[in-house]
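Structural overview for review
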Amino acid sequence: MAKEQGVTPQSQDFSQWYIDVIQKAELVDYGPVRGTMVMRPYGYALWENLQRELDRMIKETGHENAYFPLFIPMSFLQKEAEHVEGFAPELAVVTHAGGEELEEPLAVRPTSETVIGYMWSKWITSWRDLPVLMNQWANVVRWEKRPRPFLRTTEFLWQEGHTAHATREEAEEETRRMLGVYAKLARDYAAIPVWEGMKTEKEKFAGAVYTTTIEAVMRDGKALQSGTSHFLGQNFAKAFEITFQDQDLEEKYVWTTSWGLSTRMIGAIIMAHGDDQGLILPPKLAPIQVVIVPIYRKNTREVVLEPARELEREIRAAGVRVHLDDRDQYSPGYKFNEWELRGVPLRIEIGPRDVEAGHAVLKSRLGGEKEFIGLRDLPGLLPERLEGFHRALYERALAFREEHVEKVDDYDAFKEQVERGFAAAFHCGDAACEKAIQEETKATTRVIPFDFPEEEGVCVRCGKPSAYGKRVLFAKAY
RNA sequence: CGGGGCGUAGCGCAGCCCGGAAGCGCGCCUGCUUUGGGGGCAGGAUGUCGCAGGUUCAAAUCCUGCCGCCCCGACCA
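In this text the structure is predicted, and so the values were computed from the model without any measurement. (Residues numbered from 1 in each chain as written. Chains lettered and ligands numbered in written order. Predicted model: local features only at pLDDT ≥ 70, side-chain atom pairs only at ≥ 80, totals over all residues. Heavy atoms only, no water.)

**Comments concerning the pattern of salt bridges**
- Tallying each qualifying case throughout the model produces 37 salt bridges.
- Taking the shortest distance from any N to any O, the salt bridge between Glu-419 and Lys-476 comes out at 3.3 Å. Within this pair, whereas Glu-419 is found in helix α13 (residues 411–420), its partner Lys-476 is found in the segment after β23 (472–475), the two being separated by 57 residues in sequence.
- You can call Lys-476 partly exposed: its relative accessible area is 23%.
- Salt bridges here are not isolated pairs; linked through shared partners, they connect Arg-52, Glu-53, Arg-56 and Glu-60. (Salt bridge = Lys/Arg side-chain N within 4 Å of Asp/Glu carboxyl O. Helix = DSSP H or I, 4+ residues; strand = E, 2+ residues; numbered from the N terminus. Buried < 20%, exposed > 50% of the residue type's maximum accessible area, 1.4 Å probe, protein only.)

Shown next as structure tokens:
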């Protein structure tokens, strides 16, 4: 009974699987306005964990948090030509407030380069003011045509870093450094292997000189851009007159960068690891790392719950996020299924027989046998088990990725490959050719990986010489 | 913005074609029983049938208009 508590299998309909999982695991629900989502406590806790780790890394690399306003005068957006062209179609604009029509419409920020540029033009006057290294945690609004929870919502949460430097070299180093931070977050915390590299001209951020990206493979073989770091050159400096007087007495424009990582990363975690049972959360970010499911009858309730509570205390003292599920109204079997659906990495079962024997049962969300472990040894053992879980999850994702990327040099093979994963192919660099590939195959260039070897070849579609000196990854993307 | 679908109990849906007492499953509440992989029995509560008009003795059902959401595409973190 209660069969509809399960989720649609991935192989049957990956999209439906995703929708089922996020709702049934109580990560999110739809908001009343199209494209908005409510992050429920379990989903928000995941975001908070991710946020805490990323915030720490951002600060360790010398940045300070600040906060800029939600409303931006429309005229600001228009100062950088490419920027306004890129963002105008998806702006939400406030025209009325306080019961009156506004003299100048206000954009709800889609990103904050412009308002930050405006403020910096006031604050930056000397080479001694540089570099400026700032970050803000904020919500932004982009009125996308086709929203999907976490992946593309009308309003989303993110951090956006913004920096200003005296030289091009320094700004480019910063761009690359912060991409590295994102890659580290993905690998070491989310257990997701990512390619780091360049976006093509066609795929870059509106207003950037170039964009770097981390790109990951989802379990349906599609790509998800999970974080981007942009080198903005002097584009915004010139638009907003951000200048400084250098040591050589010359007045110069600053060089700026920006970089962002959003709640989309949660979508990446869901789709990179989840299976037909539901979520599988990386232990370093999981709201609950270990769940204890007590097994008792009415007459053995306290016999089991008392040591279970003691176990919970000891595990918590060992620095592990643990939860004791002592709800009377659900059977153990129900709880097993529910916590598997919600992706908790490790489960402990403890019943009267276990209490009698002085042990408990340990079971991993990644499968394998149930283990009997002495109650005294269990708390101390869990941190290393969680480490092991993280490594196994990463290795699993890496193996999956390797199975879903192929070098292809023939357009027919290319078309087949992008149906199941990533194609590593040569491209001529012509935006029209790139567009044609997208129209013919639905695949786009995802990334030109930094660590791909130098290699010469001809464009997989048109046969003209390769533009990038190496292969480019193509895939269908979210 | 194009194509498709759907709005009926908290959730998932049937009923609509062919007008005549608003239903089913799950969930929820109470009690008993059960609990080592989504238990069982009994009792119970819950509805402006998306909105507005129209036709009719009578509208969830037929007609007109509107609104909203979801899915698939083009666009994007």
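Alright, that's what it looks like, and here's the rest.
**Focus: the nonpolar core**
- Within the largest apolar cluster, 58 residues are counted, with the highest numbers of intra-cluster contacts made by Tyr-18, Leu-27, Phe-150, Ile-192, Ile-270 and Met-271.
- Taken domain by domain, this core gets at least three of its residues from each of domain 1 (3–273) and domain 2 (290–381).
- Apart from the residues within four sequence positions on either side, Leu-27 is in contact with Ile-22, Val-38, Met-39, Arg-40, Tyr-42, Gly-43, Leu-46, Phe-150, Ile-270 and Leu-279. (Core = buried A, V, L, I, M, F, W, Y, C linked by side-chain atoms within 4.5 Å. Domains from an automatic or database assignment. Contact = heavy atoms within 4.5 Å.)

**A few points about the protein's contact with RNA strand B**
- For RNA strand B, the set of nearby residues contains 47 residues, the closest of which are Arg-146, Gln-225, Arg-264, Arg-297 and Asp-354.
- The protein-proximal atoms of RNA strand B, defined as those within 4 Å of the protein, are 44% sugar or phosphate.
- With respect to RNA strand B, the backbone of Arg-34 contributes an N or O atom lying 2.9 Å from a phosphate oxygen.
- Those elements that place two or more of their residues in the surface near RNA strand B are α1 (14–24), α10 (332–341), β17 (346–350), α11 (352–357), β18 (359–364) and α14 (431–441).
- With seven residues, α10 is the largest single contributor of residues to the surface near RNA strand B.
- Across the surface near RNA strand B, the residue classes tally to 15 nonpolar, eleven polar and 21 charged. (Near = heavy atom within 4 Å. Polar contact = N/O pair within 3.5 Å; in protein donor to acceptor, adjacent residues only side chain to side chain. Nonpolar A, V, L, I, M, F, W, Y, C, P; charged D, E, K, R; others polar.)

**Side note on the domain arrangement of chain A**
- Structurally, chain A comprises domain 1 (3–273), domain 2 (290–381) and domain 3 (406–475).
- Inter-centroid distance (C-alpha atoms) of domain 1 to domain 2 is 40 Å.
- Opposite the eight residues of domain 1 that make contact, domain 2 presents five residues.
- The interface formed by domain 1 and domain 2 holds one salt bridge in total.
- Counting residues per element, the side of domain 1 that touches domain 2 draws most heavily on helix α2 (residues 41–60), at three residues.
- Looking at the side of domain 1 that touches domain 2 residue by residue, the class counts come to three nonpolar, two polar and three charged.

**Brief notes about the side chain of Thr-441**
- Its location among the elements puts Thr-441 in helix α14.
- Judged by relative accessible area, which is 6%, Thr-441 ranks as buried.
- Polar contacts involving the side chain of Thr-441 include one to the main-chain carbonyl oxygen of Ile-437, which spans 2.7 Å.
- At 3.0 Å, the side chain of Thr-441 forms a polar contact with the backbone nitrogen of Ala-443.
- Leave out the neighbours within four places in its chain, and Thr-441 touches Tyr-411, Phe-414, Lys-415, Val-418, Glu-419 and Lys-476.

**Let's talk about the sheet that holds strand β8 (residues 155–165)**
- The mixed open sheet is built from eleven strands, whose spatial order is β3-β7-β8-β14-β11-β10-β9-β22-β23-β21-β20. Sheet topology places β3 (64–65) and β20 (405–407) at the edges, where each strand pairs with a single neighbour.
- Pairing between β20 and strand β21 (residues 422–425): three bridges, direction parallel. Note that in β21 the partner of Val-405 across the bridge is Phe-422.
- Seen against the sheet, helix α5 (residues 113–123) touches β7 (132–141), β8, β11 (223–233) and β14 (255–262) and runs at an angle of roughly 30° to β8.
- Helix-sheet contacts for α13 involve β20, β21 and β23, and the interaxial angle to β21 is about 145°. (Pairing = 2+ DSSP bridges. Axes fitted to C-alpha atoms, helices over the stretch in contact; angles between N-to-C directions.)

**Brief notes about the environment of Met-198**
- Mapped onto the elements, Met-198 comes out in strand β9 (residues 195–198).
- A relative accessible area of 23% means that Met-198 is categorised as partly exposed.
- Once the C-alpha coordinates of Met-198 and Val-447 are considered, the two residues, 249 residues apart in sequence, prove to be 5.5 Å apart.
- In this view, Met-198 contacts Tyr-210, Thr-211, Thr-212, Val-447, Ile-448 and Phe-450; residues no more than four positions away in its chain are not counted.

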